[in-house]
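# Survey of secondary and tertiary structure
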Amino acid sequence: MKKIVLILGLFFCCIHIFAQKKVQEQLYYYSPKGLSFIPPLSRPGLVYNGKLYIGKTKLNILFNELNDQQLHNYFKKYKSNKTAADILTFTGGFVLPLANIFISTNQGKINWWLIGTSAVLNGTGGFLNVQAEKNLLLSSSYFDKKMGYANNIIPQQQSLSVRIPLSK
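Within every chain, residues take consecutive numbers counted from 1 along the sequence as written. A pLDDT threshold of at least 70 governs which residues receive local features in this predicted model, and a stricter bar of 80 or more applies before side-chain atom pairs are shown or counted, although totals over entire chains, interfaces and linings include all residues. Each side-chain value is derived from all of the structure's non-hydrogen atoms; neither hydrogens nor water enter the calculation.

When a carboxyl oxygen of Asp or Glu is within 4 Å of a side-chain nitrogen of Lys or Arg, the pair counts as a salt bridge. Counted according to the given criterion, the structure contains two salt bridges. Note that Lys 146 is salt-bridged to Asp 68, the shortest N-O span being 2.5 Å. In this pair, Lys 146 sits in helix α4 (residues 112–147) while Asp 68 sits in the loop between α2 (56–66) and α3 (69–107), placing the two residues 78 residues apart along the sequence. Take Lys 146: its relative accessible area is 47%, and that puts it in the partly exposed class. Relative accessibility decides the category of a residue: with a 1.4 Å probe and only protein chains considered, values under 20% of the type maximum give buried, values over 50% give exposed, and everything between is partly exposed. Residue classification places Asp 68 among the buried residues on the basis of a relative accessible area of 10%. Between Asp 86 and Lys 82 there is a salt bridge, with its nearest N and O atoms 3.8 Å apart. On the criterion of helical spacing, the pair formed by Asp 86 and Lys 82 is a turn pair, its members being four residues apart in helix α3. Numbering of helices and strands runs from the N terminus; a helix is a DSSP stretch of H or I covering at least four residues, while a strand is a stretch of E covering at least two.

So, in structure tokens, the structure goes:
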């Protein structure tokens, strides 16, 4: 009985997740210009003709639709930076700490070289993510200049921050 309830629960969670993705893909944004950059909450995106494009496959469809060589160059740079960032972040955030756990369990001490390498890989992945976002922003700016629009950035959402006082 527990297995059936667990399987049904997982099934309904998966349906809910896929339904949310479909709704997110159908969101429409008003933009008086042709191509606008959306600052990332989780992933960067572009708005074109009122439709939000997020992710490599959707952006690939958009850039193929626009059919401009300079836009394709920006998209190639975006994909290469994003792919490298994903690989480095995964390696630095998951593989090396996991290897460190196995090594420290067998030897009884922490391997600080792996922790340092993990931090460097995560930092490099973050830098490459910023470069990927920059390429999307540059593609949006290029398209707006080509079409004769002045400004293309949608105002950034309010951010929350946590501050820790170091003194009384």
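For the rest of this paragraph, the subject is the side chain of Ser 118. Positionally, Ser 118 belongs in helix α4. We call two residues in contact whenever any of their non-hydrogen atoms come within 4.5 Å of each other. Not counting chain neighbours up to four residues away, the residues in contact with Ser 118 comprise Gly 92, Gly 93, Leu 96 and Pro 97.

Time to look at α3. Residue count minus one, scaled by 1.5 Å, sets the expected span of a helix. Between its first and last C-alpha atoms α3 spans 55 Å; for 39 residues at 1.5 Å apiece the expected length is 57 Å, and the two agree. The bend at a residue is defined as the angle formed between two axes, one fitted to the seven residues ending at that residue and one fitted to the seven starting there. Where α3 bends most, at Thr 91, the angle is about 35°. Taken as a whole, α3 has its buried residues at Leu 71, His 72, Tyr 74, Phe 75, Tyr 78, Asn 81, Lys 82, Ala 85, Gly 92, Leu 96 and Asn 100. Next to the buried residues of α3 lie α2 and α4. At the exit of α3 stands Gly 108, carrying a positive phi of roughly 85°.

Among the structural elements, Leu 62 can be located in helix α2. Judged by relative accessible area, Leu 62 falls into the buried class, the value being 0%. For Leu 62 and Tyr 48, which are 14 residues apart along the polypeptide, the C-alpha to C-alpha distance reads 8.0 Å. Not counting residues up to four positions away in its chain, the partners in contact with Leu 62 are Leu 35, Leu 46, Tyr 48 and Tyr 53.

Okay, the packing of α2 against α3 next. Every angle, taken between N-to-C directions, lies between 0 and 180 degrees, and every axis is a line fitted to C-alpha atoms, over only the stretch in contact when it is a helix. Two elements in contact, α2 and α3, have axes separated by 10 Å at closest approach and are oriented at 170°. On the basis of their axis angle, the class for α2 and α3 is roughly antiparallel. Where α2 abuts α3, its residues Lys 56, Leu 59, Asn 60, Phe 63, Asn 64 and Leu 66 lie against Leu 71, His 72, Phe 75, Tyr 78, Lys 79, Lys 82, Thr 83 and Asp 86. Convention used here: angles under 35 degrees read as roughly parallel, angles over 145 as roughly antiparallel, angles from 65 to 115 as roughly perpendicular, and any remaining angle as oblique.

In this section: the sheet that holds strand β2 (residues 45–48). Taken in spatial order, the three strands of this open sheet run β1-β2-β3, and their pairing is antiparallel. The open sheet has two free edges, formed respectively by β1 (35–38) and β3 (51–54), since each of these has just one partner strand. Each neighbouring strand pair of the sheet contributes to a mean axis angle of 25°, computed without reference to strand direction. In terms of strand pairing, β2 meets β3 through four bridges, oriented antiparallel. Each residue of the ladder has a partner; that of Gly 45, found in β3, is Ile 54. Against the sheet, α2 makes contact with β1, β2 and β3, and its axis sits at roughly 40° relative to β2, the strand it touches most. Think of it this way: DSSP has to see at least two bridges between two strands before they count as a pair.

Note on placement: Ser 139 falls in helix α4. Counted as a polar contact is a pair of N or O atoms within 3.5 Å, where, for protein atoms, one must be capable of donating a hydrogen and the other of accepting one, and residues adjacent in sequence contribute only when both atoms are in side chains. Of the polar contacts made by the side chain of Ser 139, one reaches the backbone oxygen of Leu 136; its length is 2.6 Å. Among residues more than four places away in sequence, those in contact with Ser 139 are Leu 35, Leu 46, Phe 63, Leu 71 and Tyr 74.

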